[in-house]
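Listed here are the chains, written in short residue letters.
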Amino acid sequence: MYQSINWRFEDNIGFIELNSPPANSMNKLFFYEIRELTDKILNDERVKAIIISGAGRHFSSGADIRDLLSFDTRVPQQAKDFYMANSHTFKRFHAAKIPVIAAIKGVCIGSAMELAMACHFRIAAENIMLGFPEASFNLMTGCGGSVYLSKFTGKKTMMELMLKGNNLNVSEAEQLGLIDKVVRKDEIIVKAVNFARQIYDNYNPELRNYYVGKFLKSK
Amino acid sequence: MLKINSPPQNYLKSPSFISKELLYNIADDQEIKGIIITGTGRHFSAGADLENLFELVKYPDILKQEMTAGSELLEQISELKIPVIAAINGVCWGGGLEIALSCHIRFASAKALFAFPEINSALLPGLGGIVRMVKESGTYAAIANVLSGEIFDAEKALKLNVVHQLTEENVLEYSLKYLNSMLESKPKKVIASIMQSIHNAYKLPLHEALHEETLMFCELAEEEAARRKSGSL
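What you see is a predicted model, and the numbers here were worked out from it, not measured in a lab. (Residues numbered from 1 in each chain as written. Chains lettered and ligands numbered in written order. Predicted model: local features only at pLDDT ≥ 70, side-chain atom pairs only at ≥ 80, totals over all residues.)

### Re the overall build of chain A
If you tally the helices and strands in chain A, you get 9 helices and 9 strands. Taken over C-alpha atoms, the radius of gyration comes to 16 Å for chain A, in line with the 17 Å a tight globule of 219 residues would show. For chain A, the proportion of its 219 residues judged to be buried stands at 45%. Restricting to contacts in chain A with at least 6 residues of sequence separation, those with at least 24 account for 72%. (Helix = DSSP H or I, 4+ residues; strand = E, 2+ residues; numbered from the N terminus. Rg over C-alpha atoms; globule rule 2.2 N^0.38 Å. Buried ≥ 20, exposed ≤ 12 C-beta atoms within 10 Å, placed from the backbone. Contact = placed C-beta atoms within 7 Å.)

### Some thoughts on the overall build of chain B
The number of helices and strands found in chain B is 9 helices and 10 strands. What you see for chain B is a C-alpha radius of gyration of 19 Å, in line with the 17 Å of a compact globule of 233 residues. For chain B, the spread of C-alpha atoms along the three principal axes comes to 65 × 40 × 35 Å. With 233 residues in all, chain B has 42% of them scored as buried. Residue pairs at least 24 apart in sequence account for 73% of intrachain contacts in chain B once pairs closer than 6 positions are excluded.

### Details of the interface of chain A and chain B
Listed as interface residues are 28 residues of chain A and, on the opposing side, 32 residues of chain B. Those elements giving two or more residues to the side of chain A that touches chain B turn out to be helix 3 (76-94), helix 5 (145-149) and helix 6 (155-164) of chain A. Split by residue class, the side of chain A that touches chain B holds 15 nonpolar, 8 polar and 5 charged. (Nonpolar A, V, L, I, M, F, W, Y, C, P; charged D, E, K, R; others polar.)

### Remarks on the domain arrangement of chain B
All names here are of chain B. Domain parsing of chain B yields domain 1 (2-183) and domain 2 (188-229). Here domain 1 and domain 2 have C-alpha centroids that lie 29 Å from each other. The interface of domain 1 with domain 2 comprises 7 residues on the first partner and 6 residues on the second. (Domains from an automatic or database assignment.)

### Some details on the pairing of strand 3 (residues 35-39) of chain B
Residue and element names in this part refer to chain B. Within strand 3, 5 of the 5 residues are buried, leaving the element largely enclosed by the surrounding structure. Alternating positions in strand 3 separate into two faces, I35, I37 and G39 on one and I36 and T38 on the other, with burial throughout. Where strand 1 (residues 2-4) meets strand 3, 3 bridges bridge the pair, whose relative direction is parallel. For L2, the partnering residue across the bridge sits in strand 3 and is I37. Where strand 3 and strand 5 (residues 84-88) come together, 3 bridges link them in parallel fashion. (Pairing = 2+ DSSP bridges.)

### Re the confidence of the model for chain B
Summing up the model confidence of chain B, the mean pLDDT is 92 and the portion of residues at 70 or higher is 99%. Here the prediction assigns the complex a pTM of 0.94, and the interface score ipTM is 0.94. (pLDDT = per-residue confidence, 0-100.)

### Comments concerning unusual backbone geometry
With an omega dihedral of 5°, the bond running from P21(A) to P22(A) counts as a cis peptide bond. Inspection of the secondary structure assignment puts P22(A) in the loop between strand 2 (13-18) and helix 1 (28-41). The residue E184(B) is not glycine, and still its phi comes out positive at about 35°. Within the secondary structure, E184(B) is located in the loop between helix 7 (171-183) and helix 8 (188-203).

### Some points on the sheet that holds strand 10 (residues 165-167) of chain B
Residue and element names in this part refer to chain B. Sheet architecture is open: 5 strands sit in the order 1-3-5-7-10, paired in parallel fashion. Edge positions in the sheet fall to strand 1 and strand 10, since each has one partner strand and no second. Across the sheet, the axes of successive neighbouring strands diverge by a mean angle of 20°, strand direction being ignored. Sitting on the sheet, helix 7 is in contact with strand 3, strand 5, strand 7 (105-109) and strand 10, with an inclination near 160° to strand 5. (Axes fitted to C-alpha atoms, helices over the stretch in contact; angles between N-to-C directions.)

### Description of the pairing of strand 4 (residues 100-104) of chain A
Working note: regular strand, side chains alternate between the two faces of the sheet. All names here are of chain A. Burial analysis of strand 4 places 5 of its 5 residues in the buried class, the great majority of the element. Where strand 3 (residues 49-54) meets strand 4, 3 bridges bridge the pair, whose relative direction is parallel. If you follow I51 over to strand 4, its bridge partner there is I101. Inspection of the sheet shows strand 4 paired to strand 6 (residues 121-125) by 4 bridges, in the parallel sense. Its bridge partner being in strand 6, A102 is matched across the sheet by R122.

### Structural notes on the environment of A46(B)
Residue and element names in this part refer to chain B. Positionally, A46 belongs in the loop between strand 3 and strand 4 (47-48). C-alpha of A46 to C-alpha of F116: the two residues are 70 residues apart in sequence and 9.9 Å apart in space. Residue contacts for A46: discarding those within four places in its chain leaves Q9, N10, Y11, V91, W93 and G96.

Set out below in structure tokens:
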């Protein structure tokens, strides 16, 4: 069992719920646990889809910077290995052969946005706030944020998000194509599950736009 | 701030409007965190000085050399690790438009005018302008404008993503304000690392771009951790 994650497997779908109240910030423990969980579930053929969400009001406020910077500077290699492994974990979701869906409400910033962007689909509530505040801490994205974001937008918007630190509300994010569907916040999980069921058989990652158009944008 | 300075039209005497070395020096200067390219006076630039160009045709090797250098210069601009803004006023034609398109962000006054007039002299934009316009505006718009040589206004340039924003204010001041609010007090290394990760994201294969991003993050994290430890934050 995990401390920072609620993991549940039900009717072919794996539910990963970030659980470090109040805002599910990602500390070292979270990164170790999600890595271990990823190893387990991505090699399990019973898991046909994954839905990632946050417990409580928010998806996640991103990495706990104080915790992440608390490594011993005399052994930076150890820190480097840790950061590399985190980026790799997010990439494994991105490269998964099964659909990985982020169900977002509330705050989703920094590494949380990196995780959400690494997912194949994003369903969101109206109250979300997205952004990359790293630069204001003299840092930058380290788990693929720039790479996943570049699939959706040009350099100007990238610079405004990553360098200036602009936040996005739901309509701005939807306009950029970062959010595939906006729903009521009490419906996110239900909608994500319905969507997962519609696409997980014979899922083909190349058909992302087709799935979004047929099942998320219709009605 | 770089000014294309041969008023009134700011014709480009050579395909390279600034030397590569100077540009590298500017970009490496710790004090310089962003660049604005604009034109002296009322216009951005009317493009190549054709007389000069036709003079050069007599020496095909030199012409080729100069054009290649100019094209590489614009590539260098588009890959700079500090933000580059084109502040476009008045006329922005031919080589001037090619320079503008190599900038990361392009702002224009509402009265600015754009064109690729090369076709009128049976030429084509030779500094990467076609490639960049295809990327920004799509193949159709690029073909239409390069083949017709027609002048288009700022509204249309905005629609075609040739510029990102129009302003009624002085475009240079507007660009300055924008750049200042983006960069504020951020260390140069943070700016350069983020810019590099952005360039990588479009250029490198996914796994390489990811790897480079994490490496740069590690460097910043180490420095920030040290800063916090020494309490000099």
